[in-house]
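Each chain, written out:
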Amino acid sequence: MAEGTLFIGPTRLGDGVLVTGLVEHLARTGTPLTIACGPLALALFGHAPGIARRLAVRKRALSLHWLGLWAATVGASWDRVVDLRGSALAYALRARERMVYRPRAANGHRLTELAGALGLSTPPGPRLWLTDVERDAAARLVPAGRFLALGPTANWPGKIWPAERFAALATALVGPGGVRHGASVVVLGAPGEESFARPLLERLPGAVDLVGRTSVPIAGALLERAALYVGNDSGLMHLAAAAGAPTVGLFGPSRVERYAPWGPRARAVRTPEPYEALFPPGYDRLTTGSLMTSLAVEPVLAACEGLLAEAGGAAA
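What comes next concerns the included structure. Remember, it's a predicted structure, so these values are computed and weren't measured experimentally. (Residues numbered from 1 in each chain as written. Predicted model: local features only at pLDDT ≥ 70, side-chain atom pairs only at ≥ 80, totals over all residues. Heavy atoms only, no water.)

1. Observations concerning the pairing of strand 4 (residues 77-83)
Within strand 4, 5 of the 7 residues are buried, leaving the element largely enclosed by the surrounding structure. The sheet contact formed by strand 1 (residues 5-8) and strand 4 spans 4 bridges and is parallel. Note that in strand 4 the partner of Phe7 across the bridge is Val82. Note that strand 4 and strand 5 (residues 94-100) share 6 bridges and pair parallel. Counterpart to Arg80 in the pairing with strand 5 is Glu97. (Buried < 20%, exposed > 50% of the residue type's maximum accessible area, 1.4 Å probe, protein only. Helix = DSSP H or I, 4+ residues; strand = E, 2+ residues; numbered from the N terminus. Pairing = 2+ DSSP bridges.)

This is the structure we're talking about:
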């Protein structure tokens, strides 16, 4: 007997957030759904309905993680294998139907492209499944009240907006005359990103430091209550937008048209230079610093104020 649908999803949190609506779409087909993705992405689906089995795919040397996933799934005969990683695994399993992502020219949003692998012309937007457990835990970290959430980290230094500009932006938003005057500031980031956030925390001694101190679902519950989120292009940015927070994503050495935060309460601001012009000769992402230094505070502040005005947030 076939065992329903196997969904092979992303490793990274950002792509994991983007495909949450696709997972919900698959769960609605009524067949049991097994989801296999990276541990951070998998944390998004702890309370998602219709999922029969969750498999964590932890990257290993020599691509041995694929061998482990094959061993965990080869004994089944699947109704359908949906592989958004574009791997060969889908063809090494018994399945009546295969839907395998194939990269195309990167001229559209990542979610639109991934939805196309499922034959969907209109992508379902990202969403979160949160319970009172996560919301209560979030309330213990940051008590009731609206706040400004900042995401000053990223998965590589080139994408990080300078700390002094984050600090200046926060002061303009929550200081005297700011549209969120008096609001507290919460700084978020993933475990291992503490060094990226430290320069900002040193400039904002009154901020709540939650870098590396929350799980993905609890971070989502926190962002659900944020008056505004501002952060670099990262998984946390996508999580904020999915949580419904007014979200401003900051871009430079990544493509806005491909990775902009998704949703009606989300905006992207990028450096004056286009993506292609930012990389110096011999650029090494491991040794070169920020490529975001040409992005001034003023256009980011304008985007924040405009978004809050549209959302009614300035008066909330």
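2. Some thoughts on the nonpolar core
Phe7, Phe45, Leu84, Leu223 and Leu239 are the most contacted members of the largest nonpolar core, which has 54 residues in total. Once residues lying within four places of it in the same chain are set aside, the contact partners of Leu84 are Phe7, Ile8, Val19, Leu22, Tyr101, Leu114, Ala117 and Leu118. Core analysis: the next-biggest nonpolar cluster, separate from the first, contains 33 residues, Ala163, Ala167, Val185 and Val297 among them. (Core = buried A, V, L, I, M, F, W, Y, C linked by side-chain atoms within 4.5 Å. Contact = heavy atoms within 4.5 Å.)

3. Details of helix 6 (residues 132-141)
When helix 6 is considered as a whole, its buried residues turn out to be Glu134, Ala137 and Ala138. Each buried residue of helix 6 lies within a common arc of 100° when the element is viewed along its axis, so the set occupies one face. Helix 6 presents Asp132 and Arg140 as exposed residues on the side facing more than 90 degrees away from its buried surface. Those residues of helix 6 that are buried lie in contact with helix 9 (216-223). (Arc of directions from axis to C-beta.)

4. Observations concerning the packing of aromatic side chains
Applying the stated criterion across every chain, the model contains 5 aromatic pairs. When the ring of Tyr275 is compared with that of Phe279, the centres are 5.3 Å apart and the planes differ by 75°; the resulting orientation is edge-to-face. You can call Phe279 partly exposed: its relative accessible area is 28%. Each residue in the set Trp156, Tyr275, Phe279 and Tyr283 is aromatic and connected to the rest through ring pairs, giving one cluster. Positioned over the ring face of Trp156 is Arg285, at 4.3 Å from the centre of the ring. (Phe/Tyr/Trp six-rings, centres within 6.5 Å; stacked < 30°, edge-to-face > 60°. Lys NZ or Arg CZ within 6 Å of the ring centre and 35° of its normal.)

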